[in-house]
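# Structure assessment
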Amino acid sequence: MRDYIDVTGKNEDEAISKALAQLNLDRDDVSVEVLERAKSGFLGLGACPAKIRVYYGPEAEEEILPPPPAPKPEPVREEPPKPRPAAPEKRERPERRERLPREKKELPEKKERPAPRPEPLQEEPPVPLGEEVDDEKAAAIKAFLKGLLEHMDSAAGVKVYLPEKGRYKVILEGQGLGSLIGRRGETLDAIQQLTSYAVNRGGGPRVRIHLDAENYRAKREQSLQHLARKVAGKVVRYRRSVTLEPMNAYERHVIHTALQDFEGVTTYSTGADPNRRVVVAPDRGERH
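It should be emphasised that the depicted structure is a prediction, and the values quoted were computed from it without experimental measurement.

Conventions used here
- Residues numbered from 1 in each chain as written.
- Predicted model: local features only at pLDDT ≥ 70, side-chain atom pairs only at ≥ 80, totals over all residues.
- Heavy atoms only, no water.
- Pairing = 2+ DSSP bridges.
- Helix = DSSP H or I, 4+ residues; strand = E, 2+ residues; numbered from the N terminus.
- Contact = heavy atoms within 4.5 Å.
- Axes fitted to C-alpha atoms, helices over the stretch in contact; angles between N-to-C directions.
- Phe/Tyr/Trp six-rings, centres within 6.5 Å; stacked < 30°, edge-to-face > 60°.
- Buried < 20%, exposed > 50% of the residue type's maximum accessible area, 1.4 Å probe, protein only.
- Lys NZ or Arg CZ within 6 Å of the ring centre and 35° of its normal.
- Core = buried A, V, L, I, M, F, W, Y, C linked by side-chain atoms within 4.5 Å.
- 1 Å grid on protein atoms, 1.4 Å probe; cavity = no way out; pocket = protein on both sides within 12 Å on 5 of 7 lines; lining within 4 Å.
- Points joined across faces, edges and corners; volume = space filled by probe spheres on them.
- Nonpolar A, V, L, I, M, F, W, Y, C, P; charged D, E, K, R; others polar.

Let us look at the sheet that holds strand 8 (residues 265-270). If you walk across this open sheet you meet the three strands as 7-9-8, and the pairing is antiparallel. Of all the strands in the sheet, the pair left with one neighbour each is strand 7 (242-243) and strand 8. Sheet strands touched by helix 5 (residues 216-238): strand 7, strand 8 and strand 9 (277-282). Its angle to strand 9, the strand with the most contacts, is close to 35°.

Here we come to the packing of aromatic side chains. In this structure the tally under the stated criterion is one aromatic pair. Seen in terms of ring centroids, Tyr-4 and Tyr-55 are 5.5 Å apart; in terms of plane orientation they differ by 50°. Their pairing is tilted. Remark: Tyr-55 occurs in strand 3 (residues 50-56) and Tyr-4 occurs in strand 1 (residues 3-9); sequence separation between them is 51 residues. Looking at Tyr-4, the relative accessible area reads 39%, which means it is partly exposed. One Lys or Arg, Arg-37, reaches over the ring of Tyr-268 and ends 4.3 Å from the middle of that ring. The ring of Tyr-55 has Arg-240 lying over it, and the distance from NZ or CZ to the ring centre is 4.4 Å.

Quick look at the sheet that holds strand 6 (residues 208-213) now. An order of 4-5-6 is seen for the three strands of this open sheet, with the pairing classed as mixed. Edge positions in the sheet fall to strand 4 (157-164) and strand 6, since each has one partner strand and no second. Going from strand to strand, the sheet's axes swing by 25° on average, the running direction of each strand aside. Of the strands in this sheet, strand 4, strand 5 (167-173) and strand 6 touch helix 2 (residues 136-151), which is tilted by about 35° from strand 5.

Here we come to the environment of Thr-266. Position of Thr-266 relative to the elements: it lies in strand 8. Contact partners of Thr-266, with chain neighbours within four places excluded, come to Val-279, Val-280, Ala-281, Pro-282 and Asp-283.

On to the environment of Ala-15. Among the secondary structure elements, Ala-15 is positioned in helix 1 (residues 12-23). For the pair Ala-15 and Ile-52, spaced 37 residues apart in the sequence, the C-alpha separation amounts to 6.8 Å. Not counting the four nearest positions on each side in its chain, Ala-15 is found in contact with Val-7, Thr-8, Gly-9, Ala-50 and Ile-52.

Moving on, we come to the nonpolar core. Counting residues in hydrophobic clusters, the biggest one holds 23 residues, and the most contacted among them are Ile-141, Leu-145, Val-160, Val-170 and Leu-172. When residues of this core are assigned to their parent elements, the largest contribution, five residues, is made by helix 2. The residues contacting Leu-172, other than those within four sequence positions of it, are Leu-145, Leu-149, Gly-157, Val-158, Leu-177, Leu-180, Leu-188, Leu-211, Asp-212, Ala-213 and Glu-214. Grouped together as the second largest cluster of nonpolar side chains are 13 residues, Leu-224, Ala-228, Val-231 and Leu-259 included.

In this section: empty space enclosed by the protein. Scanning the entire structure with this criterion turns up two cavities of 30 Å³ or more. Estimated volume of the largest cavity: approximately 60 Å³. If you go around the largest cavity, the residues you meet are Glu-12, Ile-16, Arg-27, Val-32, Val-34, Ile-52, Thr-243, Tyr-268, Thr-270 and Val-279. Of all the secondary structure elements, the ones that give two or more residues to the lining of the largest cavity are helix 1, strand 2 (31-36) and strand 8. Across the lining of the largest cavity, the residue classes tally to six nonpolar, two polar and two charged.

In structure tokens form, the structure reads like this:
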């Protein structure tokens with residue numbers, strides 16, 4: 001069982017800051033459980049501060065005991081062989097009449113049915129990206145990325161699609177694109193923000209730019225959905241809130257969407273960008 005302290009504040013963020021200052025720890029070193037949410041009241045009446053419980057210290061590890069030794073088999077006692085009874089005298093049997101063999105009726109051979117073949121797995125059709133475009137916005141996207149990639153010593157190719165009006169899908173192609181993706185997609189997000197700023201700073205209607213490389217976005221979304229379900233299972237089991245790592249707005253949206261129908265938990269965001277996090281907490285109606 002980890003140690004914990006209870007702290008109050010005007011809101012959850014202030015209470016968390018007080019607890020971290022009191023413990024002299026970083027946010028990633030503790031787990032936070034919201035005991036009572038802050039209430040503003042009416043005209044100052046009925047106001048209630050936020051109350052949280054902050055767990056810190058190493059988690060207790062379950063001691064794994066070795067299995068008990070197998071019992072030694074008891075020695076088998078050998079009993080002396082018993083004397084065999086004398087064989088009875090053979091009696092002569094009357095002769096049997098010889099029976100003529102019956103004619104065997106030939107049965108029709110059964111035709112073996114071939115085993116059914118397993119149906120091939122149907123691959124999900126790829127998400128349509130639309131046709132590759134080369135309009136004014138697409139040309140601006142390619143020009144900016146070409147110069148940026150040259151400064152980054154990358155020979156990645158750039159393809160621009162228009163899946164829907166006002167939204168451009170930009171795909172970086174090539175080998176060894178890990179440096180352009182970065183840790184948890186941070187470099188890819190930065191390139192996407194710079195490209196969006198460069199293209200939209202001029203005149204004309206604003207457009208959305210979605211940048212991807214090596215299908216990282218889809219893989220990251222699946223990983224976040226798996227993480228969300230795993231954390232939600234722990235929250236339901238241990239009745240404690242869990243605060244996830246800082247995420248951008250899109251990744252937080254993936255977590256909220258994955259758990260919106262998960263029974264027994266609720267989610268909300270806390271903190272300010274770029275350190276805004278998702279908190280997975282027990283549902284109020286499920287608390288005891």
